[in-house]
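In case you want the letters, here they are:
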Amino acid sequence: MDTSLPPDPVRRAPFASNPFAGRGRAFAEPASRTRTDFQRDRDRILHATAFRRLTHKTQVFVYHEGDHYRSRLTHSLEVAQVARSLARRLKLDEDLAETLALAHDLGHPPFGHEGEDALHAVVAPFGGFDHNAQSFRLVTVLERRYALFDGLNLTWETLEGLVKHNGPLTDAAGNPAGRYAGRVLPWALTSSPEHTTLELSTQAGPEAQIAAVSDDVAYSAHDIDDGLRAGLFDLEDLRPLPVIGDLLVDLDRHYPGLERPRRVHELVRRVVHALVEDVDAETTRRLDRVQPASVEAVRAAPEPIAEFSPAGAEAVTALKKFLFVRVYRHPQVMRIRGRANRIVTDLARTFLDDPGRMPAPWCAGLDGDPVQAARRVSDYISGMTDRYAVVEHQRLFDDTPELG
């Protein structure tokens, strides 16, 4: 009996990525009888050690502050839900969009952006640290689960989307562009030969673009929820913000006197809905204008096809500015961030000065080259959960700061 997958039953747009016509993997593998290549990629991400660690990595609030705040894991799941919904509406490949959403934060070190800033500051003389590039390094080198290869041996489309979901990395001549303009590409990206095939000067595929904008949708909504839960601001403080203020007016008109927990939840879900509708409408407008006949036409377009409208972008920008002041730079958050920064800085400096203080597998084979040592230290620390970083600091120091 033939148990191979039937002909593709999904009605995808002509510009969607197609798992039955992809560019393959670095190491050829037999096709699965039950899953498409993008579904296999998703499952490999879900089973990866780096993915499980996200449950104990900070999004904004560190683990001791409460069980209901988002972690990197719950954030990634929320991004995946938004990405899958948008991909379905636009007739893209839902599995690839979900895969990229689940994988986009794999390279984050402990304690969120504060941990990244601290680690980068210590290893900057040796090439620095970049969490996006570290995600690529994890799935191509550091995950060691399979007999025949290092990494997860993901499809070209998944690797390309993971690397380029925020836009092209170089110009047509190969010079660093975008966020890397005037700099060099991160070593965590260029140290893997697979990066040379990823066409870094073009736009990402449509599913990767959807995953990127879904990230903005998800954290815009959940940082409102977490900030309110932490008491860092009140619902009324959001009223002057574009779009959100209108949503509050509409909410109060339909449900006057609604109790606060339900009011918060209703607002958050309406924010997600409004932003998803905005992305759907703007992306549809751009697709109608560009009329891409293939996924390659999406990559060759001069601008992304998945974006907020000007009004949607204005609302997201205003919310980011609000959250920056009222949440990310709130004295309560900054106090914890300062202590987290010290933990990561102490660990990175100690291991860089004496790599032998890392556990045996991590210090083995180092020959005194400070660049290699910095890269090994970056790999080790970026793989830590918040809790493990605290435990390592307690192992090495007598004055580990309290995060409470």
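Reading guide: rules and limits
Residues numbered from 1 in each chain as written. Predicted model: local features only at pLDDT ≥ 70, side-chain atom pairs only at ≥ 80, totals over all residues. Heavy atoms only, no water. Helix = DSSP H or I, 4+ residues; strand = E, 2+ residues; numbered from the N terminus. Buried < 20%, exposed > 50% of the residue type's maximum accessible area, 1.4 Å probe, protein only. Contact = heavy atoms within 4.5 Å. Core = buried A, V, L, I, M, F, W, Y, C linked by side-chain atoms within 4.5 Å. Salt bridge = Lys/Arg side-chain N within 4 Å of Asp/Glu carboxyl O. Arc of directions from axis to C-beta. Axes fitted to C-alpha atoms, helices over the stretch in contact; angles between N-to-C directions. Left-handed = near helix turned anticlockwise from the far one by under 90°. Nonpolar A, V, L, I, M, F, W, Y, C, P; charged D, E, K, R; others polar. Phe/Tyr/Trp six-rings, centres within 6.5 Å; stacked < 30°, edge-to-face > 60°. Lys NZ or Arg CZ within 6 Å of the ring centre and 35° of its normal. Expected span 1.5 Å × (residues − 1). Parallel < 35°, antiparallel > 145°, perpendicular 65-115°, else oblique.

Q: Sorry if this is basic, but what is going on with the overall build of the chain here?
A: Along the chain, the regular secondary structure elements total 17 helices and zero strands. Expressed along its principal axes, the backbone C-alpha trace of the chain runs to roughly 60 × 60 × 50 Å. Burial status across the chain gives 54% buried among its 404 residues. A separation threshold of at least 6 residues defines the contact pool for the chain, and within that pool the share at least 24 residues apart is 72%.

Q: When you look at the nonpolar core in this model, what are you seeing that I'm missing?
A: Generally speaking, nonpolar side chains in soluble globular proteins are found buried as a group. Membership of the largest hydrophobic core comes to 85 residues, with the highest contact counts inside it found for Ile45, Leu106, Leu238 and Leu267. With ten residues, helix H9 (residues 206–229) is the single largest residue contributor to this core. Grouped together as the second largest cluster of nonpolar side chains are 25 residues, Leu119, Val123, Met358 and Val390 included.

Q: How should the environment of Pro310 be read in this particular structure?
A: Mapped onto the secondary structure, Pro310 falls in helix H13 (residues 310–328). Residues Pro310 and Phe351, spaced 41 residues apart in sequence, show a C-alpha to C-alpha distance of 47 Å.

Q: Mind showing me how you'd approach the pattern of salt bridges here?
A: Between side chains of opposite charge, a pair can form as their charged atoms come close. Inspection of every chain in the model, using the stated rule, returns 43 salt bridges. As a salt-bridge pair, Asp43 and Arg35 come within 2.9 Å of each other at their nearest N and O atoms. Through salt bridges with shared partners, one network takes in Arg35, Arg42, Asp43, Arg84, Arg88, Glu94, Asp95 and Glu98.

Q: When you look at helix H17 (residues 386–396) in this model, what are you seeing that I'm missing?
A: One full turn of an α-helix is made of 3.6 residues, so residues set three or four places apart face in the same direction. Here H17 has its buried residues at Asp386, Ala389, Val390, Glu392, His393 and Leu396. For H17, the angular spread of buried residues about the axis comes to 165°, placing them on one side. Looking at the buried side of H17, the elements it contacts are helix H14 (331–353) and helix H16 (370–382).

Q: Can you help me understand the packing of H14 against H16 in this one?
A: What describes two packed helices is the angle between their axes and the distance between those same axes. One can describe the packing of H14 onto H16 by two numbers: an axis separation of 9 Å at closest approach and a directional angle of 145°. Along this stretch, H14 crosses H16, giving a crossing that reads as right-handed. On H16, the residues touching Val344, Leu347, Ala348, Phe351 and Leu352 of H14 are Pro370, Ala373, Ala374, Val377, Tyr380 and Ile381. Along the lines of polarity and charge, the residues of the contact of H14 with H16 split into eleven nonpolar, no polar and no charged.

Q: What exactly am I supposed to notice about the packing of aromatic side chains here?
A: One pair of aromatic rings is described through two measures. These are the centre distance and the angle between the planes. Under the criterion given, the structure shown has six aromatic pairs. Where Trp362 meets Tyr380, the ring centres are 5.3 Å apart and the plane angle is 40°; that geometry is what we call tilted. Of this pair, Trp362 sits in helix H15 (residues 360–363) while Tyr380 is found in helix H16, placing the two residues 18 residues apart along the sequence. On the basis of relative accessibility, which here comes to 5%, the residue Tyr380 falls in the buried class. An aromatic cluster of at least three residues, connected via ring pairs, comprises Phe351, Trp362, Tyr380 and Tyr388. Its guanidinium or amino end placed over the ring of Trp156, Arg23 lies 3.8 Å from that ring's centre, counting from NZ or CZ. Over the aromatic face of Tyr146 sits the side chain of Arg44, whose NZ or CZ is 5.1 Å from the ring centroid.

Q: How should helix H6 (residues 131–142) be read in this particular structure?
A: Given a rise of 1.5 Å per residue, twelve residues ought to cover 16 Å, yet the end C-alpha atoms of H6 are separated by just 14 Å, more than 12% below that figure. In terms of burial, H6 is a largely internal element, eleven of the twelve residues being buried. All of the buried residues along H6 are His131, Asn132, Ala133, Gln134, Ser135, Phe136, Arg137, Leu138, Val139, Thr140 and Leu142.

Q: Would you take a moment to explain the side chain of Glu266 for this structure?
A: Checked against the element boundaries, Glu266 lands in helix H11 (residues 260–290). Residue class for Glu266 comes out buried when judged on its relative accessible area of 16%.

Q: I tried to follow unusual backbone geometry on my own but got confused; where do I start?
A: Trans peptide bonds make up most of the peptide bonds, and negative phi angles are found at most residues other than glycine. Residues other than glycine seldom take positive phi values, yet Asn153 does so here, at roughly 50°. Here Glu199, not a glycine, exhibits a phi torsion of approximately 50°, which is positive. Mapped onto the secondary structure, Glu199 falls in the loop between helix H8 (187–190) and H9. Judged by its relative accessible area of 32%, Glu199 is partly exposed.

Q: Just to check I follow, could you spell out the packing of H9 against H11 for this structure?
A: The N-to-C vectors of H9 and H11 enclose an angle of 165°; their axes lie 10 Å apart at closest approach. Of the possible angle classes, the one that applies to H9 and H11 is roughly antiparallel. As for how H9 packs across H11, the hand of that crossing is right-handed. Contact residues: H9 offers Val213, Val217, Ser220, Ala221, Ile224, Asp225 and Leu228, while H11 offers Arg260, Val264, Val268, Val271, Val272, Leu275, Val276 and Val279. Partitioned by chemical class, the residues of the contact of H9 with H11 number twelve nonpolar, one polar and two charged.

These results come straight from atomic positions and should not be treated as a statement about function.
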